[in-house]
Amino acid sequence: MKVELNRVNNASHYEASAASSSIKVNIDGPESIGGEGKGVRPMELVLIALGSCSVFDLNEILKKQRQVIDDIKVEVEGKRRDEIPNIFTNIHIKFSLKGDINLEKANKAAELAVKKYCSVHDMLANGGIDITYEINII
């Protein structure tokens, strides 16, 4: 696996690409280092990676359980320590599911998706980050 980042401007705006897709991801830094709000920040990408990794597996497990999924929304919130480097100490994932979904099956699916199948979770958890999650049926 390999990604490439190319500088877009003289500030801190980069465009990332991967061989697996033609889509470009815009990344930008904070204003303090010249960021112009033209992309997501690197630590936000970490949360995006965790949320997307988890929800891909959750969706597939729920489909195998024959649950009817009308919609899924994922919110991922991370708390960072004050000392530099400002790493995450805690991350919470909130899955909001809409459809004809059994809560017990959804909870089991989330346990498997987050803690067994999500590689991003394992990397972060092995680094000492406390990761929690919740399921809401709406």
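Preceding this paragraph is the structure being described.
Residues numbered from 1 in each chain as written. Predicted model: local features only at pLDDT ≥ 70, side-chain atom pairs only at ≥ 80, totals over all residues. Heavy atoms only, no water.

(A) Up close: the overall build of the protein. When helices and strands are tallied, the protein shows three helices and six strands. Ordered by position from N to C terminus, the α and β elements of the protein give β-β-β-α-β-β-α-α-β. Put simply, the protein has 138 residues, and 28% of those count as buried. For the protein, long-range pairs separated by at least 24 residues make up 51% of all intrachain contacts whose partners lie at least 6 apart in sequence. (Helix = DSSP H or I, 4+ residues; strand = E, 2+ residues; numbered from the N terminus. Buried < 20%, exposed > 50% of the residue type's maximum accessible area, 1.4 Å probe, protein only. Contact = heavy atoms within 4.5 Å.)

(B) Quick peek at a nonpolar patch on the surface. Nonpolar side chains collect at one region of the surface, where Val3, Leu5 and Tyr14 lie side by side and expose about 270 Å² of accessible area between them. Along the polypeptide, Leu5 turns up in strand 1 (residues 3–7). (Patch = residues over 30% accessible without salt bridge, like charges linked within 9 Å, V, L, I, M, F, W, Y side chains within 5 Å. Areas by Shrake-Rupley, 256 points an atom, 1.4 Å probe, with all protein chains shown as cover. Salt bridge = Lys/Arg side-chain N within 4 Å of Asp/Glu carboxyl O.)

(C) Expanded view of helix 1 (residues 42–64). For helix 1, built from 23 residues, the straight-helix expectation of 33 Å at 1.5 Å per residue is met to within 8% by its first-to-last C-alpha distance of 34 Å. Turning to helix 1, the residues buried within the fold contact strand 4 (68–80), strand 5 (88–100), helix 2 (103–117), helix 3 (119–126) and strand 6 (130–137). One or two steps after helix 1, the chain reaches Arg66, where phi turns positive at roughly 65 degrees. (Expected span 1.5 Å × (residues − 1).)

(D) The arrangement of unusual backbone geometry in detail. Each neighbour pair has its own omega, and for Ile84 with Pro85 the value is 0 degrees, a cis peptide bond. Following the sequence through the fold, Pro85 ends up in the loop between strand 4 and strand 5. The phi dihedral of Arg66 falls on the positive side, at around 65 degrees, and the residue is not glycine.

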